[in-house]
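Working through the structure, step by step
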Amino acid sequence: MAAAEDMLQQLIQEFLDDAVDRISKVQVMLSNLRTDPSKFGELGLDIRREIHSLKGMGTSFDFPSISLIAHRFEDYISRLSEVDDQSCTDLLKYADAIAEVVDKRKDPGTEKVTKIIQDLPVYTPFDPSSVTGRIARVLVVTRNKTISRALSRELAACGYLALNANDAIEAIRIIITSKPDLVLTSAVLDIIDGFDLIRALKGIAATRTQRVAVVTSYDRDHPELRDLPEGVGVVRLGASFSNDLGDTLADVF
């Protein structure tokens, strides 16, 4: 047992040493991008590769905070078609946040990482200074890129910030740490579908009050929709999509 524990600790230390190298590379590449934004096509792919590796390894080596920050980093950079000084500054804040966790060689825990994530910048396709008050955040949970783009586009047009998750497990982690104002989940997800995600959220004390809506192609009288917990919104794909989304946002905000 002691030998196994020693081996695990050694693997964790090797992960942290590797993370130092990876995040240092990312910081250098982002600094280079700030100097020459035209290199985004080349360096952007390398940055995504390093961050994706950190996201995958963080959870495996008991550093969920690294995975969470890396996920938000990926979400930000995936929305960029080009970079400028502001976006490079924002991405460096993500890299610095990961570097700080790695330097301390101890996961900060849920409460502290929640504060870290809430303080990190979020990509906005509009000018945040044109919006008065706090900008509302909506988590979009879907494996379908077309639906994700459509929802993100509609939300941005309404002045909301869209976060993204690909599955229910990732979504629950983000909801607990980031506390979005609304969750929009596809009915069809891998492993756990959107209906079970909603039931899980309503059954957990930490997420019971979370506002949530399901995005589905089902008709209103489908049994799955009739069995949803009270107060859950429904956004139907198709001709009623924009109206349903507008009604859901109006109910929440």
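Now for a quick tour of the structure. (Residues numbered from 1 in each chain as written. Predicted model: local features only at pLDDT ≥ 70, side-chain atom pairs only at ≥ 80, totals over all residues. Heavy atoms only, no water.)

1. Some words on helix H10 (residues 241–252)
Residues lying three or four places apart along an α-helix face the same way, a consequence of the helix completing one turn every 3.6 residues. In a regular helix each residue adds 1.5 Å, so 12 residues correspond to 16 Å; H10 covers 17 Å between its end C-alpha atoms and thus fits that length. Here the buried face of H10 lies against helix H6 (145–157), strand S3 (182–186), strand S4 (212–216) and strand S5 (233–236). (Helix = DSSP H or I, 4+ residues; strand = E, 2+ residues; numbered from the N terminus. Expected span 1.5 Å × (residues − 1). Contact = heavy atoms within 4.5 Å.)

2. Focus on the nonpolar core
Of all hydrophobic cores here, the largest spans 37 residues; its most connected members are Val26, Leu30, Ile47, Ile51, Phe73 and Ile98. Breaking this core down by element, the ones donating at least two residues are helix H1 (2–35), helix H2 (40–60), helix H3 (64–78), helix H4 (85–104) and helix H5 (110–119). For this core, the element with the highest residue contribution is H4, accounting for 10 residues. Aside from chain neighbours lying at most four places away, what touches Phe73 is Val26, Leu30, Ile47, Ile51, Leu91, Tyr94 and Ala95. (Core = buried A, V, L, I, M, F, W, Y, C linked by side-chain atoms within 4.5 Å. Buried < 20%, exposed > 50% of the residue type's maximum accessible area, 1.4 Å probe, protein only.)

3. Quick word on the pattern of salt bridges
Scanning all chains against the criterion turns up 14 salt bridges. For Arg22, the salt bridge is made with Asp18, and the minimal N-O distance between the two is 2.7 Å. You can see Arg22 and its partner Asp18 sitting in helix H1, four residues apart, about one turn around the helix. With a closest N to O distance of 2.5 Å, Asp119 and Lys115 form a salt bridge. (Salt bridge = Lys/Arg side-chain N within 4 Å of Asp/Glu carboxyl O.)

4. Some words on the packing of aromatic side chains
This structure, assessed with the given rule, holds five aromatic pairs. Geometrically, the ring pair formed by Phe73 and Tyr94 is edge-to-face, given 5.8 Å between the ring centres and 75° between the ring planes. Residue Phe73 is located in helix H3, and its partner Tyr94 is located in helix H4; the two are separated by 21 residues in the primary sequence. According to the relative accessible area criterion, Tyr94 is buried, its value standing at 1%. With a centroid separation of 6.0 Å and 10° between ring planes, the pair formed by Phe195 and Tyr218 is classed as stacked. Placement of Phe195 in helix H8 (residues 194–203) and of Tyr218 in the loop between S4 and helix H9 (223–226) is noted, with a sequence separation of 23 residues between them. Residue classification places Tyr218 among the partly exposed residues on the basis of a relative accessible area of 32%. Ring-pair connections join several aromatic residues into one group, and the members of that group are Phe15, Phe61 and Phe63. (Phe/Tyr/Trp six-rings, centres within 6.5 Å; stacked < 30°, edge-to-face > 60°.)

These values are about where atoms sit, not about what they do.
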